[in-house]
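As a plain string of letters, each chain reads:
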Amino acid sequence: MTDTEPTPVPGSTPTEAMLPESTVPVRQSAVERRILDAALRLFAERGFDGTSVQGIVEAAEVTKGALYHYFDSKDDLLYEIYHSLIARQLADLGAVLAEGPPPREALHAVLAGLIRSTAEHIDEAKVFSREMHRLDSARMRSIRADRRRYHVTFRGIVERGQRDGVFGTATPAETVTIVALGMVNQMPTWYRADGPKTADRLADEVAGFVLDALDRGTASGPDAQRRV
């Protein structure tokens, strides 16, 4: 991970100040999205090595010249597939925090939303998880910087809740963040869209589990025993 972190705005709380956004714009044109959708589908079905530029061109129904007008290479397509997902998740995170909810509501909304978003775009997450070693160092730095922004901002929600006495302090905010986001990062290895549990139910259960764990540390003695 990089050390890139959001810069606090004077006079604001750390969480409110750190409304993250990707530093790289997401591809938005209809042609670009059609090419990316075709590349995603083929990377998922055939793998990166098993997919040719010509195959992407044919699946997207564009010319090879059109593809190279927008994208430099297959590596560029792989980067954009994941970048569009993390950029969207950063925007969702910023939208929640912009509403100014208290830490408990913020943490539930952010974590549940992140799980639903990852489930909805699980193919993007799977392809990136499997093929990310193909990216060059510059593209990996960009991805890591975006992920670091998300990590730091999520941790800020936990820290604010701990400072306000809403969450317990037995577990450091960094550890809570690693566990919560680590579970989401592993979803490509175990989540199935056709599984017995819906994404909404999974999101609520996981967010509830994390909040319950944080709640346990807010009391001591007999009260703590009753809450366990």
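What you see is a predicted model, and the numbers here were worked out from it, not measured in a lab. Along every chain, residues carry numbers that run from 1 in the direction the sequence is written. Local features in a predicted model are, by the rule used here, given only for residues with pLDDT of at least 70; side-chain atom pairs are given and counted only at 80 or more, and totals for whole chains, interfaces and linings are based on all residues. Calculated side-chain values reflect all of the structure's heavy atoms, with hydrogen atoms and water omitted.

Details of unusual backbone geometry
Generally, phi is negative for residues other than glycine and the peptide bonds are trans, each holding for most cases.
For step 1, the next point in the chain: Despite not being glycine, Glu 61 shows a phi value in the positive range, around 60°.
For step 2, the next point in the chain: Its location among the elements puts Glu 61 in the loop between helix H3 (53-60) and helix H4 (64-70). Helix and strand labels come from DSSP, where a helix needs a run of H or I of at least four residues and a strand needs a run of E of at least two; each type is numbered from the N terminus.

Comments concerning helix H6 (residues 103-120)
For step 1, the next point in the chain: Here the expected length of a helix is defined as 1.5 Å per residue gap, with one fewer gap than residues. Between its first and last C-alpha, H6 extends 25 Å over 18 residues, near the 26 Å set by a 1.5 Å rise per residue.
For step 2, the next point in the chain: The buried label goes to any residue with under 20% of its type's maximum accessible area, the exposed label to any with over 50%, and the partly exposed label to all in between, with areas taken from a 1.4 Å probe on protein chains only. What H6 keeps buried is the set Pro 103, Ala 106, Leu 107, Val 110, Leu 111, Ala 112, Leu 114, Ile 115, Ser 117, Thr 118 and Ala 119.
For step 3, the next point in the chain: Looking at the packing, one finds that the buried side of H6 touches helix H5 (74-98), helix H7 (122-131), helix H8 (137-163), helix H9 (173-185), helix H10 (187-190) and helix H11 (199-216). Note on contacts: a residue pair is in contact if any heavy atoms of the two residues lie within 4.5 Å.

What to know about H11
For step 1, the next point in the chain: Helix length check: H11 (18 residues) gives 26 Å between terminal C-alpha atoms against 26 Å at 1.5 Å per residue, within 8%.
For step 2, the next point in the chain: Along H11, the residues that are buried comprise Ala 199, Leu 202, Ala 203, Val 206, Ala 207, Val 210, Leu 211, Leu 214 and Asp 215.

Remarks on the environment of Asp 123
For step 1, the next point in the chain: Note on placement: Asp 123 falls in helix H7.
For step 2, the next point in the chain: When the C-alpha positions of Asp 123 and Tyr 82 are compared, they lie 9.8 Å apart, and in sequence the two are 41 residues distant.

Description of the side chain of His 151
For step 1, the next point in the chain: For His 151, the location among the structural elements is in helix H8.
For step 2, the next point in the chain: The residues contacting His 151, other than those within four sequence positions of it, are Glu 174, Thr 177, Ile 178 and Leu 181.

A short note on the layout of surface pockets
For step 1, the next point in the chain: The pocket and cavity definitions rest on a 1 Å grid over protein atoms only: a 1.4 Å probe that fits but cannot leave marks a cavity, an open set with protein on both sides within 12 Å along at least five of seven lines marks a pocket, and residues lining either have an atom within 4 Å of a point. Grid points are joined across faces, edges and corners, and a volume is the space filled by probe spheres set on the points. When its volume is computed, the second largest pocket comes out at roughly 190 Å³.
For step 2, the next point in the chain: As for the second largest pocket, its lining consists of 11 residues, and the residues nearest its centre are Thr 171, Val 176, Val 210, Ala 213 and Leu 214.
For step 3, the next point in the chain: Broken down by element, the lining of the second largest pocket gets its largest block of residues, 4 residues, from H11.
For step 4, the next point in the chain: Three classes are used, and their members are as follows: Ala, Val, Leu, Ile, Met, Phe, Trp, Tyr, Cys and Pro are nonpolar, Asp, Glu, Lys and Arg are charged, and the others, Gly among them, are polar. Taken together, the residues of the lining of the second largest pocket break down into 8 nonpolar, 3 polar and no charged.

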